[in-house]
Structures are given as structure tokens and as C-alpha cells.
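Okay, here's what each chain looks like letter by letter:
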Amino acid sequence: MASFQAGDTFFVRDKVGTDKGHLYVVLCAPYGKPLLVLALRFNTAQYDSDNTLILHPGDHPFINRPTVVSFHSLKKLEVEKLLHLERLNMPDMFERKAPVSSELLERIIEGAKKSEDTPELILAELKVQLGLKE
């Protein structure tokens, strides 16, 4: 099993026995010790969602209805823990999905910089990892 890179996506079910889960997208290459990635999730658009970036069918194969990028969910994830979930070989709990396009990844990163919901400290860390000045 390979590690993760910017643009990779994976689906994680909230808990065994539920239909609910989320698609996550990795925003940067692994870094640090332990190895970390910064990732956030997509959610079905709701009336009170952060509308900074709304995705539609065609933006990614997994998306089949209006979907928001949940910038408030931007967080650090340990690569080894993700790989452990993958090694369990339980696709109903964890499954890699198609990566996002480079264009969509760029839109997501720009949205993270614009959204008032993005956690400031994690956004600062993302900017460092991506080599962004602003």
C-alpha cells in the first residue's frame, strides 16, 4: 500500500453498521514525524453549509449531488493510522477513491484560504507545507 499525496481521496464510514461516511481529500504531501497529511471532507450541501466552494456531479466521480467542501473540517491525520485502516481491508469502513484533478485541488486550496470556517492554525500549517507566502 502506498502512502498518500496531495489530491488523493478516501472514504471513511463514521462507524460500523451505518450508511453515513465522508469523502476526504488530502491537500499536501506527507510531512513530519510521525508522518502527517492535512485533509478535509466533503458534505452534502445543506441550507446552512459554508458555500465557499460548492461541487457538482462531474467535479469528481464520487459526487452525485451538490456537495460542499467542509473547510471547518481541515485537520491533521496520521498517515500510519490511515494505512492501518486500509490494511484492515474493510472497504465498507475505509476505501481509497479516485484522486481529485489538479484543477479541483487548486480550487479547494484557494477555498481554504478564503473560507472564514477554515481553522487558522491548520491553514497556516497548510500554507507552510505548500510553500505559500500569503
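For the structure itself, look to the data block above.
Note that the structure is a prediction, hence the values are computed from the model and not measured.

> Please explain the nonpolar core as it appears in this structure.
Grouped burial of nonpolar side chains is what soluble globular proteins tend to show. Core analysis: the largest hydrophobic core is formed by 24 residues, its most contacted members being Leu27, Leu40, Phe42, Val69, Ile108 and Leu126. The contacts of Leu126, once residues within four sequence positions are left out, are Leu27, Cys28, Leu38, Leu74 and Ala112.

> Explain the packing of aromatic side chains here, please?
The geometry of an aromatic ring pair comes down to the distance between the two centres and the angle between the two planes. Per the stated rule, a full pass over the model turns up four aromatic pairs. When the centroid spacing of 5.7 Å and the interplanar angle of 65 degrees are considered together, the rings of Phe4 and Phe10 count as edge-to-face. The exposure classification of Phe4 matches that of Phe10, with both residues buried. Among the aromatic side chains, those forming a connected cluster through ring pairs are Phe4, Phe10, Tyr24 and Phe94. The ring of Phe4 is capped by Arg96, whose NZ or CZ atom sits 3.9 Å from the centre of that ring.

> So what exactly am I meant to see when it comes to the pattern of salt bridges here?
It is possible for side chains bearing opposite charge to pair when their charged atoms get close. This structure, assessed with the given rule, holds nine salt bridges. In this structure, Glu78 engages Lys81 in a salt bridge whose closest nitrogen and oxygen atoms are separated by 3.8 Å. Lys81 gets classed as exposed once you look at its relative accessible area, which sits at 54%. Two residues, Glu80 and Arg87, come together in a salt bridge whose shortest N-O distance is 2.3 Å. A relative accessible area of 44% places Glu80 in the partly exposed class. What makes Arg87 partly exposed here is its relative accessible area of 42%. One connected set of salt bridges, linked through shared partners, spans Asp8, Glu86 and Arg96.

> When you look at the side chain of Ser70 in this model, what are you seeing that I'm missing?
Within the element layout of this structure, Ser70 appears in strand S5 (residues 67-78). When neighbours within four sequence positions are excluded, Ser70 is seen to be in contact with Leu40, Arg41, Phe42 and Asn43.

> Explain the pairing of strand S1 (residues 9-13) to me, please; I cannot follow it from the model alone.
One face of the sheet, then the other: side chains in a regular strand alternate in exactly this way. Most of S1 is tucked away, with five of its five residues classed as buried. Covered by surrounding structure in S1 are Thr9, Phe11 and Arg13 together with Phe10 and Val12, the residues of both alternating faces. For S1 and strand S2 (residues 21-26), the ladder comprises five bridges, and the chain directions are antiparallel. Opposite Thr9, over in S2, you have Val25 as the bridge partner. Examined bridge by bridge, S1 and strand S6 (residues 94-97) share four bridges and lie antiparallel to one another. The partner of Phe10 across the bridge, within S6, is Arg96.

> Would you explain the packing of helix H2 (residues 102-114) against helix H3 (residues 120-130) in this entry?
Relative orientation and spacing of two packed helices are given, respectively, by the angle between their axes and the distance between those axes. Between H2 and H3, the shortest axis-to-axis distance is 10 Å and the interhelical angle comes to 140 degrees. When the axes of H2 and H3 are compared, the pair comes out oblique. For H2 against H3, the interelement crossing comes out left-handed. When H2 is examined against H3, the residues Ile109, Ala112 and Lys113 are found in contact with a partner set consisting of Leu123, Leu126, Lys127 and Leu130. Of the residues in the contact of H2 with H3, the class split is five nonpolar, no polar and two charged.

About the criteria used
- Residues numbered from 1 in each chain as written.
- Predicted model: local features only at pLDDT ≥ 70, side-chain atom pairs only at ≥ 80, totals over all residues.
- Heavy atoms only, no water.
- Core = buried A, V, L, I, M, F, W, Y, C linked by side-chain atoms within 4.5 Å.
- Buried < 20%, exposed > 50% of the residue type's maximum accessible area, 1.4 Å probe, protein only.
- Contact = heavy atoms within 4.5 Å.
- Phe/Tyr/Trp six-rings, centres within 6.5 Å; stacked < 30°, edge-to-face > 60°.
- Lys NZ or Arg CZ within 6 Å of the ring centre and 35° of its normal.
- Salt bridge = Lys/Arg side-chain N within 4 Å of Asp/Glu carboxyl O.
- Helix = DSSP H or I, 4+ residues; strand = E, 2+ residues; numbered from the N terminus.
- Pairing = 2+ DSSP bridges.
- Axes fitted to C-alpha atoms, helices over the stretch in contact; angles between N-to-C directions.
- Parallel < 35°, antiparallel > 145°, perpendicular 65-115°, else oblique.
- Left-handed = near helix turned anticlockwise from the far one by under 90°.
- Nonpolar A, V, L, I, M, F, W, Y, C, P; charged D, E, K, R; others polar.

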